[in-house]
Every structure is written in structure tokens, then in C-alpha cells.
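# Chain and residue survey
Okay, here's what each chain looks like letter by letter:
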Amino acid sequence: MHFSESIFAQRFGITQQDLERYLSEALSQGGTYADLYFEYLSTSAISIDESMVKSASQGVSLGVGVRVIAGERTGYAYSDDLSADKIRKAARVAAHIAKGPATVENVSLNEGRRRNLYPVGTAPTETPFSERVELVKRADRAARAYDARIFQVQASYADSLRQVMVATSDGVLSFDRQPLARLNVSALARNSSIKGGGPPQRGHAGGGGRVELSFFLNEKTPEHFAAEAAREAIVMLDAVDAPAGEMTVVLGPGWPGVLLHEAVGHGLEADFNRKGVSAFSGRIGQQVASPLCTVIDDGTIADRRGSLNVDDEGHTTQRNVLIENGILRGYLQDKLSSRVTGAAETGSGRRESYAHIPMPRMTNTFMLAGESDPAEIIRSVPKGLYCVNFGGGQVDITSGNFVFSASESYLIEDGKVTRPVRNASLIGNGPEALKYVSMVGNDLKLDEGIGMCGKEGQSVPVGVGIPTVRIDRMTVGGTA
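Structure report, in brief. Computed from a predicted model, the values in this text were never measured in an experiment. (Residues numbered from 1 in each chain as written. Predicted model: local features only at pLDDT ≥ 70, side-chain atom pairs only at ≥ 80, totals over all residues. Heavy atoms only, no water.)

## Looking at the environment of R202
Put simply, the rule is: Helix and strand assignments come from DSSP, with helices taken as H or I runs of at least 4 residues and strands as E runs of at least 2, each series counted from the N terminus. Contacts are residue-level and defined by heavy atoms, with any inter-residue pair within 4.5 Å sufficient. Whenever a nitrogen or oxygen atom comes within 3.5 Å of another N or O atom, the pair is scored as a polar contact, on the condition that within protein one atom can donate a hydrogen and the other can accept it, and that pairs from neighbouring residues in sequence are kept only if both atoms are in side chains.
Within the element layout of this structure, R202 appears in strand β7 (residues 201-209). Along the primary structure R202 and E408 are separated by 206 residues, whereas in three dimensions their C-alpha atoms are 9.7 Å apart. Not counting chain neighbours up to four residues away, the residues in contact with R202 comprise Q154, S186, A187, L188, E232, A233 and M236. A polar contact is formed between the side chain of R202 and the side chain of S186, at a distance of 2.9 Å.

## Digging into the packing of aromatic side chains
For clarity, the cut-off: Centres within 6.5 Å make a pair out of two Phe, Tyr or Trp rings, where for Trp the six-membered ring is used; the pair is then stacked when the planes are under 30 degrees apart, edge-to-face when over 60, and tilted otherwise. Ring-over charges, as used throughout, are those where CZ of Arg or NZ of Lys falls within 6 Å of the ring centre and within 35 degrees of the ring normal.
As enumerated under the stated definition, the model contains 8 aromatic pairs in all. Ring centres of F12 and Y40 lie 6.3 Å apart, and the angle between their planes is 50°; on these two criteria the pair is classed as tilted. Here F12, found in the loop between α1 (7-10) and α2 (16-26), pairs with Y40, found in strand β1 (residues 33-49); they are 28 residues apart in sequence, far enough to count as distant. Consider the rings of F215 and F216, whose centres lie 5.2 Å apart with planes at 90°: the pair is edge-to-face. Within the aromatic cluster, the residues linked to one another by ring pairs are Y157, F215 and F216. Across the ring face of Y118, the terminal group of R210 is positioned such that the distance to the ring centre comes to 5.4 Å.

## As for the pattern of salt bridges
Note the cut-off: Here a salt bridge means any side-chain nitrogen of Lys or Arg lying within 4 Å of a carboxyl oxygen belonging to Asp or Glu. To sort residues, take the accessible area from a 1.4 Å probe on protein chains only and compare it with the maximum for the residue type: under 20% means buried, over 50% means exposed, and anything in between is partly exposed.
Scanning the entire structure with this criterion turns up 27 salt bridges. A salt bridge links R177 to E126, with the nearest nitrogen and oxygen atoms 3.1 Å apart. Placement of the pair is R177 in strand β6 (residues 172-189) and E126 in the loop between β4 (110-111) and α4 (129-146), with a sequence separation of 51 residues. Assessed through its relative accessible area of 45%, E126 is described here as partly exposed. Residues joined in a network through salt bridges with shared partners are D35, R67 and E313.

## A few points about the sheet that holds strand β24 (residues 463-466)
Here is the rule: When DSSP finds at least two bridges between two strands, those strands are taken to pair.
Pairing is mixed in the open sheet, where 6 strands are placed in the order β12-β11-β10-β15-β24-β21. Looking along the sheet, the strands with just one partner apiece sit at the ends: β12 (327-328) and β21 (445-446). Bridge count between strand β10 (residues 295-298) and strand β11 (residues 319-324): 4 bridges; the pairing is antiparallel. Bridge pairing links V295 to I323 in β11.

Rendered as C-alpha cells:
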């Protein structure tokens, strides 16, 4: 796509000269850098409960955010109106907030190089609404048909098409068209053989990515996600209370990588390290994990939920090695942090929308595969916990302490996976936990595509991944 083909040029009549004028206005009170972030976002969402479509919505939002940087100060203003006077007003407001010595001459914009990690011809948002409703109905039917003990199903579908344009005072003009879709299923099961049914157990599954609607028809169907959610709910009916105490924990491949995202990923975002508040501050070049651990954040994987052609500051995304064989190699940088610290940008500047200031965030964060056979990892554990699926988790950046709830986990007894357990949580410290990694499987898997990451009130889509990993010491919170 060239500038003339963008929605902002065609529908709103914005010219390259306009952009250059807005940037000059933003820098009129001084400052070392300015950028404009234009966004046109179409969304839809459908949810079904008790086999009825309970809600369906479609919407559009649009706007522009203007940012000015002067040293460590940032001025930010935005408008949901793309008329020239409103954009100029936002530029003036941002300029006054960040007032500083003037250093930037007139800006001349050039289009950045193009690539397409998600070549989606027709975005799901652009397909007939009835086809998307049918996906949710199919998921509901399949989960209910899985087993008579499934008594409640909720299914939801959401998609968006985000069209963005970023113009920077460095002279870069970039565009992107970012499709995204996700299908979620959750199922409740009750034990028919127990009087009153016993406590209901939940299973959930879902996935998607920057894909066409055909992904849900040919690759990962509603029936696939429904069966996975129903299976987990049924398995958990036979669960025993989780043991508590320090033990060996084995993480299954895929979504359990969310533990890596929370325990380590957030602490490696440059803003926390620039301010010296992360458990990883000032530790580049030091051993922060077992030599078996190599942790990557990669925004360039085709079709993935966390991937972007360009980040939300117009910088190309890339593959960043954060921890290599246990040694801390670098942080995730956005424009502000890299300018203040002199580090190279990593394409990690992200924002929820035009109304939000960008900050360094993860894209797809995962640990590279090791050499061990996953079956051998399980056999090596005399007594421990095998965690296959996680619910939510959180981390305290400063201490590195985290807590996670494991939604599906099993006891390991004498090298065999035995009974499922319920209410297990993992409690630990990010920099400490990875020191106890003693085996890494050869089965790296990325999650199905449901991750959302929250930071300072902003949510962005992300991906996680991990191979089977043995951690020799971790505190398990349980109810047994």
C-alpha cells in the first residue's frame, strides 16, 4: 500500500504536506521528536449463552494521537476527529506540554519499506455477519454434544481490522492493515453420578490470529476448540485437591508460556529498567537463568496474534534475543527508552489505540526448544506437578514475584502423570524460577492465539510459547 491508497488519504483527504505541517506544529514549542498515529478501527463481537445469541455488536472508531518528546518529557494529545483544525489543535496541546529547546528542522517524509506478515485479502470483519454468528453456534453445539455431563456452554467470537498510519519527525511514514480474529469456548461440567452433581468444573479453549475467516473453517474449527474446552471440564470432574509446598513442576508446551511472559517478559521491558525498578535492571551480561534457557520476543512470525509489520511507532518489528543460554542480552525498547538510554530500538513500541501513549511491550514471547524428549522429562520426576493449562497470572515488576492459577494440572508420581488436581497455583520469583530449569523439551509450541496483555491500563494482543520444561523448585499453593 502506498500513501495515496491508504484510507486516510482516500477517505479523509489527508496529504503528505498536511502530515509534514502537523509535525512542524507539534515541534513549534521545541522538542527533539514528534509523531502522529492515525487509526481507523472496525470491530465486531458475538457471544452465545444458553444456546442463544445474547449479544452481537459492530463498531468503528477512528482518531489520531500526537506525541512530542523533549528529553524524558512526553506531551500527548489526541482527537477522534480527523479534520485539519482538530489535528492542529492536538499538535499544539502536545507541543505545549513537552515544551523544550527546539532542535528539529523541517520534516520531509518518506514511505518506509513494506512487508506483509499477514497477507489477508478479506479480513473477517469484512465477511457476512451471519457466517461469523454460525461459528459461535457451531462451537456451542459441539461442546454440548461432547458429553452428557456438559451442562453449560459459553462461546464468543471477536474480530477487528485496524488500519494505521504513523508519521514521524525522523521522516518515516508507515502504514499497516492489521486483521485479527479470535474464537473462545468455555464449558461447565457436573458429575451426574454424585448427588447434587458436586461442584461444577470449567474448561476453556480458544484461538485465532491475523487470519482470514477460512482459518476457522479449515484449520482450527469451532468443533476443535469446543472439544478442547469440554475435554478439560470433564477431566477436572475427577480432580483431587492440589498439594501445597515446594516441589518439582513440569510445564506443558504452548500456553503455559504465559508464565514466561509474566515472570520474565514484563521485567525486561525497557521503561521499567530505565527507571531502575525492574528485578532485571542493570543486569545485562549477567546470568539470570539456567544455561538451558533462551528467551526470544519475535514480532515477525507470520499470521500470529502478537505479530506486527510495524510497531505502533512505525518501526519494523524484529526478532529480539532477551536471554541467551541464561545470560541477559537486552531489553524491549520503544522510541522514548532508546532515545534516553542510547540503546537500539527493538520494534517494541505498542499502544492500545490512538488515545494511548506508546510504551515498550511484548509481541510473541517464547523459550527456544531444548534437547530433551518430553516423555523423558516426565519420567525423570519422582513426585511433582504437571501443568498443562493456565488461567490468569500477575507479577510485581520490582520484586519479580508472580502468582499463577493452573486451570489444568496433574500429579506426577514415580515418573507417571496420574490424577488431575484442582485449585493449584504457582508462586515464585521470575529471576529465581528460571535458575531451576533443569530440562527443556524439544517440543516448542506457540499458543493457539488468545493472549491479551495488560499494562498501565492498556491491553494489546500477544502470543506466548514454551516447550515442555522441568523446574526443580517452585512453590505450589494448593488446598490439600
